[in-house]
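# Structural overview
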Amino acid sequence: MNAAGARALVVEDERSWQQILSEILTDAGMVVDVADTLETALTLVRIHPHRLAVVDLSLEGDDPHNQEGLRILEALGRHDPGCMKLLLTGFATVELAVSVLTDYGAFTCLRKEAFNRSQFREVIARAMSAPANVGTENKAAVEKTASPEEELHETATGSALVVEDDAGWRSILFELLVDAGYQVRLCSSFGEALGYLRREKFQLAVVDLSLTGGKINMGDWDQPTSAQDLEGYRLLASTRAIGIPTIVVSGVANPSDIEKTYQEQGIFAFMEKQSFDRRTFLNT
């Protein structure tokens, strides 16, 4: 969908952020409504349908305990289900990011401290190209592009390869694996991952089955998508041949495909994104 003429909602209590976000959205051709309080935002949600909403988590300055933005995400889910919701926060945690995905149906969650205008424009383009009125892509979380220094974080446990095309999920998995003591190599495509597998040695691989750049609506969990049709499934054959224990973290949740992935590819674990739990992941 072309952004021109579409309506966007910016919910942000800081004037500087209002200006930045409004400027970028206006440049994309969108008509922008701005709210700086919970009450104003809820009124705008009831009055106008919006194609895109960028919502700050805390509407009381630097108060990390204020999470009024979540109430706005709830209201958008009830009154404007076709709206793509982006949470913006300076208080991002893994738990919050996953909750925003699973409980509030956000398209993604942006870190203020890692905000990048070019990246934000790309997020807008992806959100606007997603189908309207069918829910969200339910992609967590913390929109963050790893720097070259972060891309291979050196610690002592071993090397892990993360293959995930969504920047939010890459950030979540990177953080969890680094906390567990791994060196983490991040990549976002089949070709890139295959190259790393041929050049480097890994003790663990974490693979998303759908490496589509958001072309599949992962919010529609009942969508009949065969795992074997996805590029990540092809990578499993490579990790199995090399003998790398592999965890699948995927939005493809068809029970028969999950069972077949275990049987044919010998994976170590399969974790569904819609029910992802950090403790379970770390204990796997």
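Here, the structure is the one placed above.
Note that residues are indexed from 1 along each chain, following the sequence as it is written. Only residues with pLDDT of at least 70 are given local features in this predicted model, and only at 80 or more are side-chain atom pairs given and counted; all residues enter the totals for whole chains, interfaces and linings. Hydrogens and water molecules were not included; the side-chain quantities draw on all heavy atoms of the structure.

## Description of the overall build of the protein chain
Counted only if it meets this: Numbering of helices and strands runs from the N terminus, with a helix taken as a DSSP run of H or I at least four residues long and a strand as a DSSP run of E at least two residues long. Working definition: with a 1.4 Å probe on protein chains only, accessible area under 20% of the residue-type maximum means buried, over 50% means exposed, and in between means partly exposed. Only heavy atoms enter the contact rule, under which two residues are in contact if any of them lie within 4.5 Å. Accessible surface is estimated by sampling points in the Shrake-Rupley manner with a 1.4 Å probe; for residues, cover comes only from the protein chains shown.
Looking only at helices and strands, one finds 11 helices and 11 strands in the protein chain. Taken across its 284 residues, the protein chain has 55% of its residues classed as buried. Here the contacts in the protein chain between residues at least 6 apart in sequence split such that 69% fall between residues at least 24 apart. Total accessible area computed for the protein chain in this model is approximately 12,400 Å², and 47% of it derives from carbon and sulfur atoms.

## Section: the sheet that holds strand β9 (residues 204–207)
The line we're drawing: We call two strands paired when DSSP finds no fewer than two bridges between them. An axis is simply a line fitted to the C-alpha atoms; with a helix, the fit covers only the stretch in contact. Between two such axes, the angle follows the N-to-C directions and lies from 0 to 180 degrees.
Strand order in the open sheet formed by five strands is β8-β7-β9-β10-β11, with parallel pairing between adjacent strands. The outermost strands of the open sheet, each flanked by one partner alone, are β8 (182–187) and β11 (269–272). Between one strand and the next, the sheet's axes are offset by a mean angle of 20°, whatever the strand orientation. Two elements, β9 and strand β10 (residues 246–250), share three bridges in a ladder whose sense is parallel. Residue pairing across strands places Val207 opposite Val248, the latter belonging to β10. Each of β7 (158–163) and β8 is contacted by helix α8 (residues 190–199), which is oriented at about 140° to β8, the strand it contacts most.

## A word on the packing of helix α1 (residues 15–27) against helix α5 (residues 117–129)
As a reminder of what qualifies: The cut-offs work like this: below 35 degrees is roughly parallel, past 145 is roughly antiparallel, 65 to 115 is roughly perpendicular, and the gaps in between are oblique. Note: crossing handedness is left-handed where the near helix turns anticlockwise from the far helix by less than a right angle, and right-handed where it turns clockwise.
Running from N to C, α1 and α5 point in directions that differ by 55°, and their axes come no closer than 11 Å. Taken together, the axes of α1 and α5 are oblique relative to one another. The chirality of how α1 crosses α5 is right-handed. Facing Ile20, Leu21, Glu23, Ile24 and Leu25 of α1, the residues of α5 in contact are Arg117, Phe120, Arg121 and Ile124.

## Here's the deal with the pairing of β10
Two faces, one strand: in a regular strand the side chains alternate between the faces of the sheet. The buried fraction of β10 amounts to five of the five residues, a majority that puts the element mostly inside the structure. Going residue by residue along β10, you find Thr246, Val248 and Ser250 tucked away on one face and Ile247 and Val249 tucked away on the opposite face as well. Of the strand pairs in this sheet, β10 and β11 are connected by four bridges, and their pairing is parallel. Each bridged residue has a counterpart across the sheet, and for Ile247 the counterpart in β11 is Ala269.

## A look at the pattern of salt bridges
Here is the rule we go by: Throughout this description, the term salt bridge denotes a Lys or Arg side-chain nitrogen within 4 Å of a carboxyl oxygen of Asp or Glu.
Taken as a whole and judged by the stated rule, the model has 11 salt bridges. As a salt-bridge pair, Asp33 and Arg7 come within 2.6 Å of each other at their nearest N and O atoms. One end of the pair, Asp33, is in strand β2 (residues 31–35); the other, Arg7, is in strand β1 (residues 7–11), and 26 residues separate them in sequence. Among the ionic pairs, Lys112 bridges to Glu12, the shortest N-O distance being 3.2 Å. Within this pair, whereas Lys112 is found in the loop between β5 (108–111) and α5, its partner Glu12 is found in the loop between β1 and α1, the two being separated by 100 residues in sequence. On the basis of relative accessible area, Lys112 is assigned to the buried category, the value being 16%. Connected through salt bridges with shared partners, the residues Glu12, Glu14, Asp56 and Lys112 form a single ionic network.

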